[in-house]
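In case you want the letters, here they are:
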Amino acid sequence: MRARVPASSANLGPGYDALALALGLHLEVTVEPSSHLEVSAEGEGAQLDKGPEHPAVRVARRVLGHDSFSLHVASEIPLARGLGSSAALAVAAAAAAGADDPLSVGAGVDGHPENAAASVLGGLVAASLVAGRPLARRLPLDPGLGFVLLLPELELETERARAVLPESVPLAQAAHNLGRMGLLLAGLADRRLLVSEAGDDLLHQPWRTRLFPEAPELLDRLRRAGAVVATWSGAGPSLLGICADRSLAARVAKEGERALEQAGVAGRALVAEADLEGLVVRA
């Protein structure tokens, strides 16, 4: 069985642990019967240990109840860059192993459901744990939007990025994010309504800046180049620019690469398409 899933950009500014967008970088896992465990990989993450403790092997073994299988991973999704690689890998491995509910498996591995939900459903999603189980819904996404990713050559583990966050926040900050998230959803559904302030966040980005101090300047450069909204992608360090006109995305990406170079940050920029398919499974 072969399962293909997209990367995801979570939070999208104010939607902390609630919103995610599937993007056109993909990961594919193939699981086939074998007399013994065989693991191979190519692309991003190919350096991971190809033994029984490989993350995809652990997921497939849990689904199948044994380790008599061969598993192959082919990935375009960089690790520890805020693009949902761990959730995507868990979802794909579970689906390729024949799991009935890959979303629950992916959310269980990731600890929160929005990245896994975007990889399963595609498009723009809202997700939450309800009665201990992930519940996700597709949301409207204007096809005229353009997306740009800045991909610094800097890994930032999600656990480390979460460790810098406060345990509680003032009510005013929570209310601020709720209002901005409403504006963001309106603008993503209808690009004519998108405003820069819709990406404002007070819950996670200000705290995580200490881990990537160049981020505020890079986000500002994306906005000045033509992105209406610019935010961290997930826990970072990747950054996402959202253009109200997709024809501007190439120009914004070019300026993003220039900004990385001038900031002394190794990395690249790319124009990313929204992935509307989500999980695709083939026998």
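See the structure printed just above.
Residues numbered from 1 in each chain as written. Predicted model: local features only at pLDDT ≥ 70, side-chain atom pairs only at ≥ 80, totals over all residues. Heavy atoms only, no water.

Regarding the overall build of the protein chain
In step 1: The helix and strand tally for the protein chain stands at nine helices and eleven strands.
In step 2: Relative to the 2.2 N^0.38 estimate, which gives 19 Å for 283 residues, the radius of gyration of the protein chain is 18 Å and therefore close to what a compact globule would have.
In step 3: Taken over the C-alpha atoms alone, the protein chain extends approximately 55 × 40 × 35 Å along its principal axes.
In step 4: Contacts spanning at least 24 positions in sequence make up 72% of the contacts within the protein chain whose residues lie at least 6 apart.
In step 5: Carbon together with sulfur atoms contributes 52% to the accessible area of the protein chain, which is approximately 12200 Å² in total.
In step 6: Of note, the protein chain has its 26 positive side-chain charges centred 4 Å away from the centre of its 34 negative side-chain charges. (Helix = DSSP H or I, 4+ residues; strand = E, 2+ residues; numbered from the N terminus. Rg over C-alpha atoms; globule rule 2.2 N^0.38 Å. Contact = heavy atoms within 4.5 Å. Areas by Shrake-Rupley, 256 points an atom, 1.4 Å probe, with all protein chains shown as cover. Lys, Arg positive; Asp, Glu negative; His and termini not counted. Charge placed at Lys NZ, Arg CZ, Asp CG, Glu CD.)

Focus on helix H1 (residues 55-64)
In step 1: Residues of H1 that are buried include every one of Ala56, Val57, Val59 and Ala60, and no others. Each buried residue of H1 sits inside an arc of 165° when the element is viewed along its axis, so together they form one side.
In step 2: Buried residues belonging to H1 abut strand E3 (38-43), strand E4 (69-75), helix H2 (85-96) and helix H3 (102-110).
In step 3: The first or second residue beyond H1 is glycine 65, which carries a positive phi of 85°. (Buried < 20%, exposed > 50% of the residue type's maximum accessible area, 1.4 Å probe, protein only. Arc of directions from axis to C-beta.)

What to know about the sheet that holds strand E9 (residues 239-243)
In step 1: Pairing is antiparallel in the open sheet, where four strands are placed in the order E8-E9-E7-E10. The open sheet has two edge strands, strand E8 (229-232) and strand E10 (267-272), and neither has a second partner. Ignoring which end each strand starts from, the neighbouring axes of this sheet average 20° apart.
In step 2: With six bridges joining them, strand E7 (residues 146-152) and E10 adopt antiparallel strand pairing. In the strand pairing of E10, leucine 149 is matched with leucine 270. (Pairing = 2+ DSSP bridges. Axes fitted to C-alpha atoms, helices over the stretch in contact; angles between N-to-C directions.)

Some details on the nonpolar core
In step 1: Counting 60 residues, the largest nonpolar core has Leu12, Leu27, Val29, Leu71, Leu149 and Ile242 as the members making the most contacts within it.
In step 2: The dominant element in this core, judged by the number of residues it contributes, is H2, at ten residues.
In step 3: Those residues in contact with isoleucine 242 that sit more than four places away from it in its chain are Leu145, Gly146, Phe147, Leu188, Leu194, Ala227, Val228 and Val229.
In step 4: In this structure, Leu156, Leu222, Leu239 and Ala259 belong to the second largest nonpolar core, which totals 26 residues. (Core = buried A, V, L, I, M, F, W, Y, C linked by side-chain atoms within 4.5 Å.)

What about the pattern of salt bridges?
In step 1: Following the criterion strictly, the structure yields 13 salt bridges and no others.
In step 2: Measuring nitrogen to oxygen at the nearest pair gives 2.9 Å for the salt bridge that ties arginine 224 to aspartate 220. Within this pair, arginine 224 and its partner aspartate 220 are both found in helix H8 (residues 215-225), separated by four residues, close to a single helical turn.
In step 3: Relative accessible area serves as the criterion here: at 56%, arginine 224 is assigned to the exposed category.
In step 4: Since its relative accessible area comes to 28%, aspartate 220 is described here as partly exposed.
In step 5: One continuous salt-bridge network, built from bridges that share partners, spans Glu217, Asp220 and Arg224. (Salt bridge = Lys/Arg side-chain N within 4 Å of Asp/Glu carboxyl O.)

A look at the environment of alanine 46
In step 1: Mapped onto the fold, alanine 46 is located in the loop between E3 and H1.
In step 2: Residue alanine 46 is classed as partly exposed on the basis of its relative accessible area of 22%.
In step 3: Placed 144 residues apart in sequence, alanine 46 and aspartate 190 show a C-alpha to C-alpha distance of 39 Å.

So, unusual backbone geometry
In step 1: Following glycine 236, the chain continues into proline 237 via a peptide bond in cis, with omega recorded as 5°.
In step 2: Here proline 237 shows up in the loop between E8 and E9.
In step 3: Positive phi, normally seen in glycine, also occurs at leucine 12, with a value near 55°.
In step 4: Along the polypeptide, leucine 12 turns up in the loop between strand E1 (2-11) and strand E2 (15-33).
In step 5: Look at alanine 80: it is not a glycine, yet its phi comes out positive at around 55°.

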